[in-house]
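Structural overview
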Amino acid sequence: MKSGLIRPIRYLLARGAETATSIALVLLFFFSLMALLNWVFPIGPGLSTLLAAGRSPGSFTEGRANAGSGLRADGMTSSSAVAVLEEMHNAVKAKPSDAIAWANANTGMQLENRHAVQTFKNASALISFDESTEINVGQNTVVVIQRKDSDLFSRGPRSYALTVDGELRGRMIQREAHAVEFEVTTPAGTAVVKPDVDEPGEVAFHVSVAEDSTAQITVDKGVAEIAAGGDTVTVRPRQFTQLSAAKAPSRPRALAPAPELVSPPVGAVFQYRSVPPPVDFSWEGSGSADRYRFQISRDEGFGTVLYDDVVARTHHTYGTLTAGVYYWRVTGHGRASAVTVPLKGWF
């Protein structure tokens, strides 16, 4: 009887030892494999980021934790950064090329190749590429940035690709030692924007994509060459060209005269105790516009827009402004995009 009981116990003990040995061998193999992978593929930027930046995996000798050990000439510390989010207002999100979900953006964050930035209602983001090249992303816009030329330290022409759905303003300066251009892709087509070679200097331009996916590029300052569909047009201040898929840019046209602002008059003062009073804004209509874009900002250059709306009438009321000096402007819009010069006042 005792012998019959011992035999099953010995069998169970033997099987348990074999199972434990198998598990130990599997764990040993797993940890050995992980150690080998960690040695061959060190922690750092993902493969998609490496490919997007035009670098081979072997060119990264340090991970992200050590990326800030050196300072580049343009102020960016990461060797793979192409731009910096200098300023932001209200809700702005960002997403690297190898990420799935959007995350809240923060001022000073460095943007790498194919980094996406998204703004929402009454939000804006200022993205700087260097001391003389920047874009200001308007509300309800998604932009993806990419450095096209492979050498980030090159003194030659710098080329940036922007994929835009919404609105942005750009600024760049053409110098002998610092040539720059933007390749702008919109739902309506792709165009290259750069300063005119015969009239170099600062160029400020404005890209807007309408609800029907038509796109317009307006030059606010300087002279720009805009190339698309195998053709190039020269656009001067207060002129615009329109883009369409696989076609040349339209012949540049002048913006129509700005709507005349009526009220409040420049320098108007509104007194209140605790609750800000509603302010009635009005302006003269423009024959070429069927709706108007109304904006309020604390910044005379409208780098940060506090309120932004499109109305079909020539007056608007807004009443949540706290104490301070404000600027307002109105731009006439036609079927697709802006068709008048923006005119601003202050109060």
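All of these numbers come straight from a predicted model, not from anything done at the bench.

1. Section: unusual backbone geometry
Cis rather than trans, the peptide bond between Ser263 and Pro264 has omega equal to 0°. On the secondary structure map, Pro264 appears in the loop between β19 (261-263) and β20 (279-283). For Arg238, which is not glycine, the phi torsion reads 65° and is therefore positive. Note on Arg238: relative accessible area 52%, which makes it exposed.

2. Section: the sheet that holds β20
Strand order in the open sheet made by the three strands is β19-β20-β23, with antiparallel pairing throughout. The sheet is open, and its two borders are formed by β19 and β23 (315-318), each paired with just one other strand. Within the sheet, the average angular offset between the axes of one strand and its neighbour, ignoring direction, is 25°.

3. Some words on the confidence of the model for the chain
Low pLDDT means the predicted coordinates in that region are not meant to be read closely. Residues with a pLDDT of 70 or more make up 72% of the chain, whose mean pLDDT is 74. The element-level mean pLDDT for the chain is lowest in helix α2 (residues 47-52), coming to 36, with strand β2 (residues 92-95) highest at 92. Scored below 50 in pLDDT, residues 39-74 shows 46 contacts in the model against residues more than four places distant or in partner chains. Between residues 335-341, whose pLDDT stays under 50, and residues either more than four places distant or in other chains, the model counts 38 contacts.

4. Structural notes on the pairing of strand β14 (residues 215-221)
Across the seven residues that make up β14, a large majority, five, are buried. Hairpin connection of strand β13 (residues 202-209) to β14: five residues between the antiparallel strands, including Ser213 at a positive phi of 75°. When β14 meets strand β17 (residues 239-243), the two strands line up antiparallel, connected through five bridges. Along β17, the bridge assignment pairs Gln216 with Gln242.

5. Points about the side chain of Ser124
As for its position among the elements, Ser124 is in strand β6 (residues 124-130). Residue Ser124 is classed as buried on the basis of its relative accessible area of 6%. When sequence neighbours within four positions are dropped, the list of residues in contact with Ser124 reads Glu87, Met88, His89, Val92, Thr119, Asn136, Val137, Gly303, Thr304 and Val305.

6. Examining the packing of aromatic side chains
Pairs of aromatic rings are described using the distance from one ring centre to the other and the angle between the two planes. A complete count under the given rule lists 12 aromatic pairs for this structure. Their ring planes at 45° and their centres at 4.3 Å tell us that Phe129 and Tyr160 sit as a pair that is tilted. On the criterion of sequence distance, the pair formed by Phe129 in strand β6 and Tyr160 in strand β9 (residues 158-165) is long-range, its members being 31 residues apart. The exposure class assigned to Tyr160 is buried, which follows from its relative accessible area of 1%. Taking 6.0 Å as the distance between ring centres and 15° as the angle between the ring planes, the aromatic pair formed by Trp283 and Phe294 counts as stacked.

Parameters and conventions
- Residues numbered from 1 in each chain as written.
- Predicted model: local features only at pLDDT ≥ 70, side-chain atom pairs only at ≥ 80, totals over all residues.
- Heavy atoms only, no water.
- Helix = DSSP H or I, 4+ residues; strand = E, 2+ residues; numbered from the N terminus.
- Buried < 20%, exposed > 50% of the residue type's maximum accessible area, 1.4 Å probe, protein only.
- Pairing = 2+ DSSP bridges.
- Axes fitted to C-alpha atoms, helices over the stretch in contact; angles between N-to-C directions.
- pLDDT = per-residue confidence, 0-100.
- Contact = heavy atoms within 4.5 Å.
- Phe/Tyr/Trp six-rings, centres within 6.5 Å; stacked < 30°, edge-to-face > 60°.

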